[in-house]
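Summary of structural features
Take a look at the letters that make up each chain.
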Amino acid sequence: FVSDVNGIGVRAALGTALIRGIMHEISGLGHHPGAFLDRMSSLLLPLLRKEELPMEVTACYVVLDVSTGQILMANAGHPMPILFHGTSTAEWLAEGDAYIGPPLAVESSTSYSTMERKIEEQDSVVMFTDGLYSVPNNTGDLYGKKRLLDSAHSLTGEPLNDIFQGLEGDALAFSKNRKFVDDVCLVGLTLRTLMDA
């Protein structure tokens, strides 16, 4: 699970604390990403839509069955994770925006779909916040998702720590003053080998 609360300081910290508390409360839905985000959104709605505390929250939730390699994912307005195929290539976990729902707590009727995809041994999945690709260079151009995916292609087959450092390093090399302008968080997994059920 990775989430991004807009803003900085006390407001963002409060939003993060609310999400952590709700995650504990709805942990029984943990194997059902769409239902998990549905419930989180409905519980956050009355808390985040108060006039004194409006904020946007995105989230991506991935569940991996280590006995089959089956991935389940639900996405609430968050960047799509990157799938690293062993040593061959990298691509978005799902193409297009069909599996990206609205941010959490936007409206009461929101329902998040669950995407299913199978990954193979030695595949990795990396989730990240938009701060990773929202860095401008000296001329004001953003690093962007295309450059991020190009960087990911060059890192296939590497351990997760090296993937994290490579993605961050390429974005910083592009950026003005070699600094991120927004918070950056990366969360990943590698399916080293399938385990007995």
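Residues numbered from 1 in each chain as written. Predicted model: local features only at pLDDT ≥ 70, side-chain atom pairs only at ≥ 80, totals over all residues. Heavy atoms only, no water.

Spatially, the 4 strands line up as an open sheet ordered E5-E4-E7-E8, and their pairing is antiparallel. Bordering the open sheet on either side are strand E5 (89-92) and strand E8 (186-190), each of which pairs with just one other strand. On average, adjacent strands in this sheet sit at an angle of 20 degrees to one another, irrespective of strand direction. Two strands pair when backbone bridges link them, and strand E4 (residues 82-85) and E5 are joined in this way by 4 bridges, in the antiparallel orientation. Looking at E5, one finds that Phe84 is bridged to Ala90. Strands E4, E5 and strand E7 (124-128) of the sheet are contacted by helix H3 (residues 144-153), whose axis makes an angle of about 150 degrees with E5. In the packing of helix H4 (residues 160-174) onto the sheet, contacts are made with E4, E7 and E8, and the angle to E8 comes to roughly 145 degrees. (Pairing = 2+ DSSP bridges. Helix = DSSP H or I, 4+ residues; strand = E, 2+ residues; numbered from the N terminus. Axes fitted to C-alpha atoms, helices over the stretch in contact; angles between N-to-C directions. Contact = heavy atoms within 4.5 Å.)

What the rule picks out here adds up to 2 salt bridges. With a closest N to O distance of 2.3 Å, Glu91 and Arg117 form a salt bridge. On the criterion of sequence distance, the pair formed by Glu91 in strand E5 and Arg117 in strand E6 (residues 115-118) is long-range, its members being 26 residues apart. Overall, the relative accessible area of 24% leaves Arg117 in the partly exposed class. (Salt bridge = Lys/Arg side-chain N within 4 Å of Asp/Glu carboxyl O. Buried < 20%, exposed > 50% of the residue type's maximum accessible area, 1.4 Å probe, protein only.)

Right, let's talk about the nonpolar core for a bit. Nonpolar side chains in soluble globular proteins generally cluster together in the buried interior. Ranked by size, the top nonpolar core spans 35 residues in total, and within it Ile82, Phe84, Leu93, Val126, Phe128, Leu148 and Leu167 carry the most contacts. Secondary structure elements with two or more residues in this core: strand E2 (57-65), strand E3 (70-76), E4, E5, E7, H3 and H4. Per-element tally for this core: the top contributor is H4, with 6 residues. Contacts of Phe128, omitting those with residues within four sequence positions, involve His78, Pro79, Met80, Pro81, Ile82, Trp92, Tyr133, Leu148, Cys185 and Leu186. One finds Ala12, Leu44, Met55 and Ala74 within the second-largest nonpolar core, a separate group that totals 23 residues. (Core = buried A, V, L, I, M, F, W, Y, C linked by side-chain atoms within 4.5 Å.)

Under the criterion given, the structure shown has 0 disulfides. The thiol sulfur of Cys185 is not disulfide-bonded, and the nearest other cysteine sulfur, from Cys60, lies at 12 Å. (Disulfide = S-S within 2.5 Å.)

Moving on: the side chain of Asp123. Tracing the backbone through its elements, the reader meets Asp123 in the loop between E6 and E7. Despite being buried, Asp123 has no salt bridge partner; Arg117 is the closest side chain of opposite charge, sitting 7.3 Å away. From its side chain, Asp123 meets the backbone nitrogen of Gly86 in a polar contact 2.9 Å long. Look past the residues within four positions of Asp123 in its chain and what remains in contact with it is Leu83, Phe84, His85, Gly86, Leu189, Thr190 and Leu191. (Lys, Arg positive; Asp, Glu negative; His and termini not counted. Polar contact = N/O pair within 3.5 Å; in protein donor to acceptor, adjacent residues only side chain to side chain.)

Low-pLDDT portions of the prediction should not be read for the details of their coordinates. Looking at the chain as a whole, its pLDDT mean stands at 92, while 95% of the residues score no less than 70. Confidence scores differ between elements of the chain, with helix H1 (residues 9-25) showing the lowest mean pLDDT of 86 and E7 the highest of 98. (pLDDT = per-residue confidence, 0-100.)

Moving on to the sheet that holds strand E1 (residues 2-5). Strand order in this open sheet of 4 strands is E1-E2-E3-E6, and the pairing throughout is antiparallel. Both edges of this open sheet fall to E1 and E6, since each of them pairs with a single strand only. When the angles between neighbouring strand axes are averaged without regard to direction, this sheet yields 15 degrees. In the sheet, E3 pairs with E6 via 4 bridges, with the strands oriented antiparallel. The residue bridging Leu72 from the neighbouring strand is Glu116, located in E6. Its contacts with the sheet place H1 against E1 and E2, and it is angled at close to 150 degrees to E1. Its contacts with the sheet put helix H2 (residues 33-48) on E2 and E3, and the angle it makes with E3 is roughly 20 degrees.

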